Amino acid sequence: MPGNVGRAILGPLADQRAVDVLNHSLGLDRPLLVQYWDWISHFVQGDMGTSYIFRAPVAPFVIDALGNSMKLALVAFVMVVPLGILGGIIAALNVNRPIDRIISLGGLSATVLPEFVTGIIFILIFGVWLNWLPIAAVWPEGAGFFTQIYYLILPALPLFLVLFGYIARMARSGMIEALDADYTRTAVLKGLPWRTVIWRHVLRNALLPTITVIATQTGYLIGGLVVVETLFRYQGIGSLIFTAARGKDFPILEAGILTIGIVYSVATLVADLLYSVLNPRIRLGTDQ
Amino acid sequence: MTAIDVKQPELPAANANRSPVTEVLISLSRSGSFLTGLVILLFWIVCALFGEHFTPYDPLADDIINALMPPSADNWFGTDQLGRDVFSRVIVGSRDILTVAPLATLLATVAGTTLGLFTGYFRGLVDDIISRILEAFMAIPVVIVALLAIVALGTSKSTVIIVIGLSFAPIIARTVRSAVLSERELDYVAAAQLRRESALHTMFVEILPNVIPPILVETTVRLGYAIFAVATLSFMGFGIQPPSPDWGLSISSNYGMIGGGFWWTVLFDALAIASLVIGVNLVADGVQGALND
């Protein structure tokens, strides 16, 4: 077991005997395999164990944190998915014109900047100088739905920036491909109005790859959440894992990482199912 | 006028004699984004190497009486909570990130190229097993891997280099593998095999020189992401440790006071990271454009 848990909790000045007693009472002096079997056999029954630091069951911490993170991720996605797709469409309809260059280059440069850098700049602009938005995502007790969203706009912005570039780029290249396809030319030649061609023929085909990209960004989002939640002091799964890692609180760390793994797998599965619903050509399990 | 008429037919001939390396260099020197990125990158490299000789103050010298002073003629970027000159710290702050990120990228390139050559050359079972393991690695976000590695191995610069290097290796391996898959069907590989060259010789002496361009592109792109990752990890308190004037570290130790309006303690570090990341990505963009022509 890396690091001494008793030492991490009691501090460097504590007596070695006190550290040993604490390690014994937490069961940390047992062999690793015994500890692991103990943990995993309880975990599958829904018992995530007891936190070393908080001396309380882990499950409520993880569930609360996951709920908070999902709220933040949802605010970010609600902002970025429509705007990213719209940006990609506008860029594709104006290929190589200035507006396309601005969207493509702007999206690309926003994607490569670390979240805490853009986060700090947003905090300075909107939180400190303009004073429009709160700089920490800690809302007052019993805050309503809209107040919570108000507190989450600033933390969602750095995530928005990173995701915007990816989604806009996919939507743009999908659109360009679909605009160039034979069925689009046929639709135009048979006299359909441009609006109908775009809505009925181009968009439906163009946006399919974008959906996959949105789903694969869940993995990125989890890494991004660790940073953003720390920066904005938000009690989400990312900051929970971060605090647990620093304090060597293994039950919370293990439960948190496993929860993230489950969320990631579910998100990927949902994306695959959604993709086959939207794209009849690859619908699985049906005989031709 | 006749001079022009004589000179023009010579140009194609001169082009034909140029080596591929010269061609790439010429194309790079004409790329605006590459040159802009190169200037930014060189500026920070010079700061990292010689910064301490031209900073107005010692970047590590405390001066508590003059703590948290706003930007002025004496301290262009103000002072931080220990009274250290922010301008001097920003200038020298490029040193750690410009050591750790390139080393991590180098490790990723060496490991990734080796894995890519093996999986692409042997295919079959070797490829299947290694590729599935690499895919599993790629599914985990770097920040999470780093978090776990730091719990297990402790905080140090070498941990960060290893974590980022090994997290990026699968991505480079995938690029190299697909390049090797098309190279190994070419006649020169068959000739080497007929000469009974060993597999190692064929991979590293015959194939490797021919897959250098995609490796070079992937390496410059990865360097951008490595700087992203190193900055993020030092902001999280992993890797680079105080009192280093590292940018990410400075932001993490000063942003707690941002509500008090001490914007100069974080803004310049943030802009420095942003400029370095964008500079490296412009270089990567230029390299990609020059090599894909």
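Residues numbered from 1 in each chain as written. Chains lettered and ligands numbered in written order. Predicted model: local features only at pLDDT ≥ 70, side-chain atom pairs only at ≥ 80, totals over all residues. Heavy atoms only, no water.

Draft legend 1. Layout of the overall build of chain A. Of regular secondary structure, chain A possesses 12 helices and zero strands. Going from the N terminus to the C terminus, chain A shows its helices and strands as α-α-α-α-α-α-α-α-α-α-α-α. Relative to its length of 288 residues, chain A is extended, with a C-alpha radius of gyration of 24 Å against a globular reference of 19 Å. A principal-axis box enclosing the C-alpha atoms of chain A has dimensions of 85 × 60 × 35 Å. Residue burial in chain A is summarised as follows: out of 288 residues, 46% are buried. Considering only intrachain contacts with a sequence separation of at least 6, the fraction spanning at least 24 residues in chain A is 68%. (Helix = DSSP H or I, 4+ residues; strand = E, 2+ residues; numbered from the N terminus. Rg over C-alpha atoms; globule rule 2.2 N^0.38 Å. Buried < 20%, exposed > 50% of the residue type's maximum accessible area, 1.4 Å probe, protein only. Contact = heavy atoms within 4.5 Å.)

Draft legend 2. Representation of the confidence of the model for chain A in the model. When pLDDT is averaged along chain A, the result is 80; 96% of the residues meet or exceed 70. Mean pLDDT values over the elements of chain A span from 71, in helix H1 (residues 5-10) of chain A, up to 87, in helix H4 (residues 58-93) of chain A. (pLDDT = per-residue confidence, 0-100.)

Draft legend 3. Layout of the pattern of salt bridges. All names here are of chain B. Within this structure, the stated rule accounts for 11 salt bridges over all chains. Here Arg132 and Glu135 are joined by a salt bridge, their closest N and O atoms 3.2 Å apart. One end of the pair, Arg132, and the other, Glu135, are both in helix H7 (residues 124-139), three residues apart, so they sit about a helical turn from each other. The exposure class assigned to Glu135 is partly exposed, which follows from its relative accessible area of 42%. Several salt bridges converge on common partners, so that one network encompasses Arg123, Arg184 and Glu185. (Salt bridge = Lys/Arg side-chain N within 4 Å of Asp/Glu carboxyl O.)

Draft legend 4. Layout of the nonpolar core. Of all hydrophobic cores here, the largest spans 151 residues; its most connected members are A:Phe116, A:Ile120, B:Ile164, B:Ile251 and B:Leu276. No other element matches the 16 residues that helix H7 (residues 145-179) of chain A contributes to this core. Look past the residues within four positions of B:Leu276 in its chain and what remains in contact with it is B:Leu41, B:Trp44, B:Ile97, B:Leu98, B:Ile227 and B:Trp247. (Core = buried A, V, L, I, M, F, W, Y, C linked by side-chain atoms within 4.5 Å.)

Draft legend 5. Geometry of the packing of aromatic side chains. Tallying each qualifying case throughout the model produces 10 aromatic pairs over all chains. For the ring pair A:Phe122 and A:Phe126, a centre distance of 5.9 Å and an interplane angle of 25° mean the geometry is stacked. Of the two residues, A:Phe122 and A:Phe126 both sit in helix H6 (residues 115-129), four residues apart, roughly one turn of that helix. Exposure remark for A:Phe122: the relative accessible area of 16% places this residue in the buried category. Since its relative accessible area comes to 21%, A:Phe126 is described here as partly exposed. Joined through ring pairs, the aromatic side chains of A:Phe116, B:Phe235 and B:Tyr255 make up one cluster. Looking at B:Arg184, its charged tip hangs above the ring of B:Tyr121, at a distance of 5.4 Å from the centre. (Phe/Tyr/Trp six-rings, centres within 6.5 Å; stacked < 30°, edge-to-face > 60°. Lys NZ or Arg CZ within 6 Å of the ring centre and 35° of its normal.)

Draft legend 6. Highlighting the packing of H6(A) against helix H14 (residues 264-292) of chain B. Relative orientation of the contacting elements H6(A) and H14(B) amounts to 140°, with a least axis distance of 9 Å. The orientation of H6(A) relative to H14(B) falls into the category oblique. Between H6(A) and H14(B) lies a crossing whose hand is left-handed. Here A:Phe116, A:Val117, A:Ile120, A:Ile121, A:Leu124 and A:Trp129 of H6(A) come into contact with H14(B), specifically with B:Val266, B:Leu267, B:Ala270, B:Leu271, B:Ile273 and B:Ala274. Its residues placed into classes, the contact of H6(A) with H14(B) shows 12 nonpolar, no polar and no charged. (Axes fitted to C-alpha atoms, helices over the stretch in contact; angles between N-to-C directions. Parallel < 35°, antiparallel > 145°, perpendicular 65-115°, else oblique. Left-handed = near helix turned anticlockwise from the far one by under 90°. Nonpolar A, V, L, I, M, F, W, Y, C, P; charged D, E, K, R; others polar.)

Draft legend 7. Just the layout of surface pockets, in detail. Empty space within the largest pocket amounts to approximately 1,600 Å³. Partitioning the lining of the largest pocket into residue classes produces 28 nonpolar, 15 polar and seven charged. In this model, the second largest pocket occupies a volume close to 690 Å³. Along the walls of the second largest pocket sit 26 residues, with A:Trp39, A:Tyr52, A:Phe250, A:Pro251 and A:Glu254 positioned nearest its centre. For the lining of the second largest pocket, the secondary-structure elements that each account for two or more residues are helix H3 (32-43) and helix H12 (250-278) of chain A together with helix H8 (142-153) of chain B. (1 Å grid on protein atoms, 1.4 Å probe; cavity = no way out; pocket = protein on both sides within 12 Å on 5 of 7 lines; lining within 4 Å. Points joined across faces, edges and corners; volume = space filled by probe spheres on them.)

Draft legend 8. Up close: the environment of B:Arg222. Residues and elements named next belong to chain B. Within the element layout of this structure, Arg222 appears in helix H12 (residues 212-235). Taking the C-alpha atoms as reference, Arg222 lies 9.6 Å from Val280; in sequence the two are 58 residues apart. Apart from residues lying up to four places away in sequence, Arg222 is in contact with Thr105, Phe168, Ile171 and Ile172.

Draft legend 9. Representation of unusual backbone geometry. Positive phi outside glycine occurs at A:Asn96, with the angle close to 65°. Looking at A:Asn96, the relative accessible area reads 52%, which means it is exposed. Residues other than glycine seldom take positive phi values, yet B:Arg123 does so here, at roughly 50°. As for its placement among the helices and strands, B:Arg123 is situated in the loop between helix H6 (94-122) and H7. A residue is classified by how much of its surface remains accessible, and B:Arg123, at 35% relative accessible area, is partly exposed.

Draft legend 10. Seen up close, the interface of chain A and chain B. Each partner contributes to the interface: chain A provides 35 residues, whereas chain B provides 33 residues. When residues of chain A are sorted by the area they lose upon contact with chain B, A:Val112, A:Phe116 and A:Ile120 head the list and together hold 19% of the total. At the junction of chain A and chain B, the tally comes to zero salt bridges. Taken together, chain A and chain B are joined by one residue pair in polar contact (both at pLDDT 80 or more). Elements that contribute at least two residues to the side of chain A that touches chain B include exactly helix H5 (98-112), H6, helix H10 (208-231), helix H11 (237-247) and H12 of chain A. When residues in the side of chain A that touches chain B are grouped by element, the largest group, nine residues, is from H6(A). (Buried area = accessible area lost by both parts, 1.4 Å probe. Polar contact = N/O pair within 3.5 Å; in protein donor to acceptor, adjacent residues only side chain to side chain.)

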